[in-house]
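Reading the structure
Residue-level listing of the chains:
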Amino acid sequence: MSQQDIQCTMCGQQFDPNQHLACQACPMHSGCNLVCCPACGYQTVDPGRSKIVRLARFFSTLRSCSRSAQDRIDSTTLADVPPGCRAEVVGFSAGFPPDRRAYLQSYGLVLNYSVQVLQHSPVTIVRLDHLELALENDLARGILVKLPTPDQIDQPGG
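Conventions adopted
Residues numbered from 1 in each chain as written. Predicted model: local features only at pLDDT ≥ 70, side-chain atom pairs only at ≥ 80, totals over all residues. Heavy atoms only, no water. Phe/Tyr/Trp six-rings, centres within 6.5 Å; stacked < 30°, edge-to-face > 60°. Buried < 20%, exposed > 50% of the residue type's maximum accessible area, 1.4 Å probe, protein only. Helix = DSSP H or I, 4+ residues; strand = E, 2+ residues; numbered from the N terminus.

Topic: the packing of aromatic side chains
With the rule as written, the count across this model stands at 2 aromatic pairs. With 4.9 Å between their ring centres and 40 degrees between their planes, F92 and F96 make a pair best called tilted. In terms of burial, F92 and F96 fall into one category: buried. Ring centres of Y103 and Y107 lie 5.3 Å apart, and the angle between their planes is 75 degrees; this geometry places the pair in the edge-to-face category.

Here we look at helix α2 (residues 98-106)
Burial analysis of α2 places 7 of its 9 residues in the buried class, the great majority of the element. Among the residues of α2, D99, R100, A102, Y103, L104, Q105 and S106 are the ones counted as buried. Positive backbone phi, at 105 degrees, marks G108, one or two positions downstream of α2.

Honestly, it's all geometry; don't read function into it.
Okay, structure coming up:
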C-alpha cells in the first residue's frame, strides 16, 4: 500500500484515488472530492483532495504539538462508553491508520469534541450534533476518549 492509497470503507479494497476518480465525465468533476472504489463502486471522500481534511490535519498537528505532559491520553476507548453516554474525543491509538483518522475528521470526529454513543451492536453508532456515524467495532476501539466527571454530567449541556 503506497502513501496515496486509500482503503474502501465498504469492501476493504485498497486503491490509488488518483487512478479511480468518481464520475470523470461529470462537469462538476474538477471541484469534486469524491473517489469511487474500483471493486464495489462505493464513493467516499478523497482525503488527499478534501480541504476540510487538510484543515483538520493542520489543527490536529497544532494541538498535538502544544499538548502538555499532564494531558496524556488514557486508555478508555469509544467502545468502552456505555450507550446513551457522552465522551470527549482525546486521541487515536498508536496503530490507528492515518487515512481513517482523516476520514473521520472530515465528518467532524475531531479532538476535544463531545460525542454521544447510541449503540455498540452490530456496530458502534455515535452522534455528533446532527450527524450519526456508524463505526466498525475495531475502529471504535482505536478512538481514545475521556468520560465526563460526575459534576460535569449534572451541568447543563453535559
